[in-house]
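Structure at a glance
Spelled out, the chains give:
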Amino acid sequence: MFFNQLIEILKQGDSGVERYSILSNPKITSAASLENAKETEISFLEKDSYLLNQFEDSSASAVIIPLQESLIQKAIEKNIAWIAVKDPRIAFAEILESINPILLPKEGIHKSAVIEENVELGKNISIGANVCIESGSKIDNHTIIYPGVVIYNNVHIGKNNILHANSVIHPYSKLGDNCVINSNAVVGSEGFGFIPTNKGWRKMPQTGIVVLENNVEVGCGTTIDRPSVGQTLIKAGTKIDNLVQIGHGVHIGKNCAMASQVGIAGGAKIGDGVILAGQVGVANRVTVGSRVIASSKCGIHTDIEDGQTISGFPAIPNKLWLRCAANFKKLPEIAKALRKLKQ
Amino acid sequence: MFFNQLIEILKQGDSGVERYSILSNPKITSAASLENAKETEISFLEKDSYLLNQFEDSSASAVIIPLQESLIQKAIEKNIAWIAVKDPRIAFAEILESINPILLPKEGIHKSAVIEENVELGKNISIGANVCIESGSKIDNHTIIYPGVVIYNNVHIGKNNILHANSVIHPYSKLGDNCVINSNAVVGSEGFGFIPTNKGWRKMPQTGIVVLENNVEVGCGTTIDRPSVGQTLIKAGTKIDNLVQIGHGVHIGKNCAMASQVGIAGGAKIGDGVILAGQVGVANRVTVGSRVIASSKCGIHTDIEDGQTISGFPAIPNKLWLRCAANFKKLPEIAKALRKLKQ
Amino acid sequence: MFFNQLIEILKQGDSGVERYSILSNPKITSAASLENAKETEISFLEKDSYLLNQFEDSSASAVIIPLQESLIQKAIEKNIAWIAVKDPRIAFAEILESINPILLPKEGIHKSAVIEENVELGKNISIGANVCIESGSKIDNHTIIYPGVVIYNNVHIGKNNILHANSVIHPYSKLGDNCVINSNAVVGSEGFGFIPTNKGWRKMPQTGIVVLENNVEVGCGTTIDRPSVGQTLIKAGTKIDNLVQIGHGVHIGKNCAMASQVGIAGGAKIGDGVILAGQVGVANRVTVGSRVIASSKCGIHTDIEDGQTISGFPAIPNKLWLRCAANFKKLPEIAKALRKLKQ
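Predicted, not measured: the structure shown is a model, and the values here were computed from it.

**Notes on the overall build of chain A**
- Helix and strand content of chain A: 5 helices and 38 strands.
- For chain A, the spread of C-alpha atoms along the principal axes amounts to about 85 × 80 × 30 Å.
- Sorting the 343 residues of chain A into buried and exposed places 58% on the buried side.
- Considering only contacts in chain A between residues 6 or more positions apart, those separated by 24 or more positions represent 19%.
- Carbon and sulfur atoms make up 48% of the accessible area of chain A, which amounts to about 13,800 Å² in all.
- Positive and negative side-chain charges of chain A, numbering 34 and 32 respectively, have mean locations separated by a distance of 10 Å.

**Looking at the interface of chain C and chain A**
- Listed per partner, the contact involves 64 residues of chain C and 58 residues of chain A.
- When chain C packs against chain A, close to 4,600 Å² is buried across both sides, 66% of that on carbon and sulfur atoms.
- Between Asp14 of chain A and Lys199 of chain C there is a salt bridge whose closest N-O contact spans 3.8 Å.
- Our count for the chain C to chain A interface comes out at 23 residue pairs in polar contact (both at pLDDT 80 or more).
- Taken together, the elements giving at least two residues each to the side of chain C that touches chain A come down to β19 (186–190), β20 (194–197), β21 (200–203), β24 (223–226), α4 (318–328) and α5 (331–342) of chain C.

**Examining the sheet that holds strand β31 (residues 269–270) of chain C**
Residue and element names in this part refer to chain C.
- Spatial ordering of the open sheet is given by β8-β11-β14-β17-β22-β25-β28-β31-β34, a layout of 9 strands whose pairing is parallel. Each edge of the open sheet is held by one strand with a lone partner, namely β8 (120–121) and β34 (287–288).
- Pairing analysis gives 4 bridges linking strand β22 (residues 209–212) to strand β25 (residues 231–234), with the strands arranged parallel. When the sheet's bridge partners are listed, Leu212 is paired in β25 with Ile234.

**Examining the relation of the copies chain C and chain A**
- Between chain C and chain A, the superposition needs a rotation of 120 degrees and an axial shift of 0.0 Å, giving an RMSD of 0.0 Å. Interpreted geometrically, this transformation is the action of a three-fold axis.

**Focus on the sheet that holds strand β30 (residues 263–264) of chain B**
Residue and element names in this part refer to chain B.
- What the 10 strands build is an open sheet, ordered β7-β10-β13-β16-β19-β24-β27-β30-β33-β36; its pairing is parallel. Edge positions in the sheet fall to β7 (114–115) and β36 (299–300), since each has one partner strand and no second.
- Two elements, strand β10 (residues 132–133) and strand β13 (residues 150–151), share 2 bridges in a ladder whose sense is parallel. Bridging from a neighbouring strand, Ile133 pairs with Ile151 of β13.

**As for helix α4 (residues 318–328) of chain A**
All names here are of chain A.
- For α4, the complete set of buried residues consists of Trp321, Cys324, Ala325, Asn327 and Phe328. Down the axis of α4, the sector holding all buried residues measures 160 degrees, keeping them to one side. Exposed side chains of α4 directed beyond 90 degrees from the buried face belong to Lys319 and Arg323.

**Concerning the packing of aromatic side chains**
- For the coordinates displayed, the defined rule picks out 15 aromatic pairs over all chains.
- With centroids separated by 4.9 Å and ring planes inclined at 40 degrees, the aromatic side chains of Tyr152 of chain B and Tyr146 of chain C adopt a geometry described as tilted. A residue pair is termed interchain when its members come from two chains, as with Tyr152 of chain B in the loop between β13 and β14 (156–157) and Tyr146 of chain C in the loop between β12 (144–145) and β13 (150–151).
- What links up through ring pairs into an aromatic cluster is the set Phe328 of chain A, Phe328 of chain B together with Phe328 of chain C.

**Section: the pairing of strand β19 (residues 186–190) of chain A**
All names here are of chain A.
- The buried fraction of β19 is high, at 5 of 5 residues.
- Where strand β16 (residues 168–169) meets β19, 2 bridges bridge the pair, whose relative direction is parallel. Bridge pairing in β19 links Ile169 to Val187.
- Relative to strand β24 (residues 223–226), β19 runs parallel, the two being bridged by 4 bridges. For Val186, the partnering residue across the bridge sits in β24 and is Thr223.

**Some remarks on the interface of chain B and chain A**
- Taken together, the contact between chain B and chain A spans 58 residues of the former and 64 residues of the latter.
- Buried surface at the junction of chain B and chain A, summed over both partners, amounts to about 4,600 Å²; 66% is from carbon and sulfur atoms.
- Taken as a group, Lys297, Phe328 and Leu338 of chain B account for 11% of the area that chain B buries against chain A, more than any other trio of residues on that side.
- On inspection of chain B and its partner chain A, the count reaches 3 salt bridges.
- Between chain B and chain A we count 23 residue pairs in polar contact (both at pLDDT 80 or more) in total.
- Where the side of chain B that touches chain A is concerned, the elements lending two or more residues are α3 (88–99), β26 (239–240), β29 (257–258), α4 (318–328) and α5 (331–342) of chain B.
- Taken together, the residues of the side of chain B that touches chain A sort by class into 30 nonpolar, 17 polar and 11 charged.

**As for α5 of chain B**
- With 12 residues, α5 of chain B ought to run about 16 Å at 1.5 Å a step, and its terminal C-alpha atoms sit 16 Å apart, in line with that.
- Buried residues along α5 of chain B sit in contact with α4 and α5 (331–342) of chain A, α4 of chain B together with α5 of chain C.

**Here we look at the packing of α4 of chain A against α5 of chain B**
- The geometry of α4 of chain A relative to α5 of chain B is characterised by a closest axis approach of 8 Å and an angle of 55 degrees between their N-to-C directions. Classified by the angle their axes make, α4 of chain A and α5 of chain B are oblique. On the side of α4 of chain A, the interface is formed by Leu320, Arg323, Cys324, Asn327 and Phe328 of chain A, while α5 of chain B contributes Leu331, Pro332 and Ala335 of chain B.
- Among the residues making up the contact of α4 of chain A with α5 of chain B, the classes are represented as 6 nonpolar, 1 polar and 1 charged.

**Overview of the pairing of β25 of chain C**
- Note: β25 of chain C against strand β28 (residues 251–252) of chain C, 2 bridges, orientation parallel. Across the sheet, residue Leu233 of chain C finds its bridge partner in β28 of chain C, namely His251 of chain C.

**A word on the side chain of Ser173 of chain C**
- Mapped onto the secondary structure, Ser173 of chain C falls in the loop between β16 (168–169) and β17 (174–175).
- If we ignore the near neighbours within four places in the chain, the residues touching Ser173 of chain C are Asn154, Val155, His156, Val187, Gly188 and Val210 of chain C.

**What to know about the environment of Lys74 of chain A**
All names here are of chain A.
- Tracing the chain through its elements places Lys74 in helix α2 (residues 69–78).
- For the pair Lys74 and Glu56, spaced 18 residues apart in the sequence, the C-alpha separation amounts to 7.5 Å.
- Once residues within four sequence positions are removed from consideration, Lys74 is found in contact with Phe55 and Glu56.
- Here the side chain of Lys74 touches Glu56 through a polar contact of 3.4 Å, side chain to side chain.

**A short note on the pattern of salt bridges**
- Scanning the model with the defined rule gives 30 salt bridges over all chains in all.
- The partner of Asp140 of chain A in a salt bridge is Lys138 of chain A, and the shortest N-O contact between them spans 3.8 Å.
- Arg89 of chain B is paired through a salt bridge with Glu46 of chain B; the nearest N and O atoms lie 3.8 Å apart. Of this pair, Arg89 of chain B sits in helix α3 while Glu46 of chain B sits in the loop between β3 (41–44) and β4 (62–66), placing them 43 residues apart in sequence.
- The partly exposed category is assigned to Arg89 of chain B, whose relative accessible area is 27%.
- A network of salt bridges, in which partner residues are shared, links Glu190 and Lys203 of chain A together with Glu217 and Lys239 of chain B.

**A closer look at the environment of Met258 of chain C**
- With respect to the helices and strands, Met258 of chain C occurs in strand β29 (residues 257–258).
- Taking relative accessible area as the criterion, Met258 of chain C reaches 0% and is therefore assigned buried.
- Sequence spacing of Met258 of chain C and Glu116 of chain C is 142 residues, and the spatial spacing of their C-alpha atoms is 35 Å.
- Apart from the residues within four sequence positions on either side, Met258 of chain C is in contact with Phe192 of chain B together with Lys239, Ile240, Asp241, Val244, Ile252, Ile264, Ile270, Val274 and Leu276 of chain C.

Procedures and definitions
Residues numbered from 1 in each chain as written. Chains lettered and ligands numbered in written order. Predicted model: local features only at pLDDT ≥ 70, side-chain atom pairs only at ≥ 80, totals over all residues. Heavy atoms only, no water. Helix = DSSP H or I, 4+ residues; strand = E, 2+ residues; numbered from the N terminus. Buried < 20%, exposed > 50% of the residue type's maximum accessible area, 1.4 Å probe, protein only. Contact = heavy atoms within 4.5 Å. Areas by Shrake-Rupley, 256 points an atom, 1.4 Å probe, with all protein chains shown as cover. Lys, Arg positive; Asp, Glu negative; His and termini not counted. Charge placed at Lys NZ, Arg CZ, Asp CG, Glu CD. Buried area = accessible area lost by both parts, 1.4 Å probe. Salt bridge = Lys/Arg side-chain N within 4 Å of Asp/Glu carboxyl O. Polar contact = N/O pair within 3.5 Å; in protein donor to acceptor, adjacent residues only side chain to side chain. Pairing = 2+ DSSP bridges. Least-squares fit on C-alpha atoms with pLDDT ≥ 70 in both. Arc of directions from axis to C-beta. Phe/Tyr/Trp six-rings, centres within 6.5 Å; stacked < 30°, edge-to-face > 60°. Nonpolar A, V, L, I, M, F, W, Y, C, P; charged D, E, K, R; others polar. Expected span 1.5 Å × (residues − 1). Axes fitted to C-alpha atoms, helices over the stretch in contact; angles between N-to-C directions. Parallel < 35°, antiparallel > 145°, perpendicular 65-115°, else oblique.

Structure follows, in structure tokens:
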């Protein structure tokens, strides 16, 4: 593809094209990060990026930049094609989709797939090898199911979903449209509910269901449990990374992002637009307000108000935590100074 | 089902029925939590529950309560059917089982299942699609194996076990009766044993086995490794949540509960009735006494005596930790006060 | 096997045989740890092992020991066969391999396996039941693929690899020789890349690949993501335990060891010979120098120089952390003493 063709693609996209120079209109075969880009490759640079000083040495043939005179100047000096847009990352995403379109599996049902009775299949569906779909389940149009996926009975999978290899969907789960379930994820498994008795733990039946709204993505190996009654609910647009645990009865709002190895215990309520960084834990029944940002390894044991940025364990406001952590390192000095003063 | 029928079921159960009023004997179609219950639904309330103030507004047609005059009075005022029992949660569990019986798969071996030679199968077994059972393995009566499960050679699975989809059982593992292995769990995998040499890591063969006694449950994605020699042992009645790591040679006592994302390193010994909350870590070869309770994210690096409640990293008694954590938040003030005093 | 035959095996191995006494040349049927060993079993003892005081009571018929006069004397007193070597663990590993050789699956392709067009298979390969290999992939000689494994399109798996049950390898991943992928691990899955927009999260296409060099091992349930462009790279000899998350674009050096539940966020660079203990977290784009050792639950947020031993969150030098943690426990006392002084 030539650079002028990419410009046309970007003009139809969402990145906000502002200015550009196609120069000799280089052929673009691939995309790469600034430090790795070679000739015929396109790269991108964000405002105030940590890669700024890689720009000068880059061998890229073209670059996507924010509208910033100094960067445009540099591109001109380097004599490479450039395009300035409002959001360079979105432009880069659009170009990756054009240059490296995903190879989708063929439509149709592989002959080794096991589809039980009373399964309702939409149009233009792809069902891979050794998939098993149990009775009463329904798969809507344009959904892709990769090999080895197991869908228990009475599940409803919406349109345009992608279920990657060996993922498992348990009975009565409901997935909206445009969801992605990554490899080996488990949706709708039995919540961890046991009652202490003097004969040991007695299981509380988990008869509720898991509901994923539209555009939810679930990472590899992530587990989302169903509750004893009611729903575990993940609202539209929320993205969940790998190896995350979502306990039974948890409600997560819209457009949240949960990084890898986050654990959310049973009954917790998470607002909209919440970001939990890696290995964060949320305790049972805690309420986390909308737009909360919790930094990695944070342990949330009490309700958090909307808009807070929190850190540490137990979680406290991030700015306070930074000062506390700085003083933690000085604890031996503090103790020593105190001993001296006492004398 | 009508309320008087549920009463009869509870009388035969373990919840300890004390008093009840069937009123107009409502029809009960389903169960729900107090705040979500609608007409024709039954709910429950525990002693000192956080849902107490939801009781008044609940639309439930019937409620299970502890024997407490004030609650009975409230039920009478609301004019709904009620039953007072010693343990409302157990009553609720029994009613869920009656109202929402689990749909079990049909007996028999699916034609796509691969059963190698010398596999011994008991009676009334269900083996799902694309299951693979390797030679020398033995499955006892009434066990259910869902689609995609892989059982390596020489495994012994006891009676009444449930193995959920795509779980994997490695060679020579032994499972007792009434165990549940949830989806994508791995039992008996190779322990992480490597010896440092000047040519890099050299594998220590892991020739031991994993033994699960009766009534053990293993969560989705949980991994239980076998040791180089001897056993990794989980004793009867222990329940393990999702995404837990049990290292090689670990011994866990009876009736323990391990919450999600707990990690127990090689050779650790855990007593009976131990409760580890989410994301707790236990170091190599540490001994944790019986009835220890470790709160979430706790890091256990040294032996812990029976009956302790511990928190923090490194783990200290919970009460001490609470006071330390409260002071941690004041570290900037403490440092400031100290600087002033020094002047 | 008799003890003198084991001696011959060890002489050909890497443990560094020094002295031995075969006594009555006992028959050795099995191997066990010192405290569990019974007659006809061989065990081993390392220098300064915590098992030293188990030696006297052990019923083992033979023992591998380091060259230490006191231990040789004890073996003579116990009247058991012994061999003194430079590295007893390596000797034990070699003996385990001789006594308990792993049962490898038969060569050949199981009739239920689905091999798409344009797949290139080497010699002496074993492909188990219900395996699926998509088009354009290539598997080299002597590789073993257990049941239920899914290999997407255009993957290259080198020689002598072992892929355990239900693991998944995503498109274009490259595995070197002698790698082990344990059950339910996922290699090459889509990195967690989303761009915030006012319509919610927009996916950044993940068009890069995952490369594992020779002798890499990946634990059960571990997930290794591919980046938007470029590679996620694990260099030769690195061993990764269960339930580890390796984010997109991470580079890990040679001969590292990553314990269970470690999480490495996108773009981090890890040097050679690094050891990360259980539940350690590494933040985005951080650089961790070679030979760094991070103790369990450590949170690494800033670049770490070569050779450091670090602990805590945020990570600080281990020795400093130990003193800080000791003072953390005294915070209530410190606060009290300070209050007194102020008066």
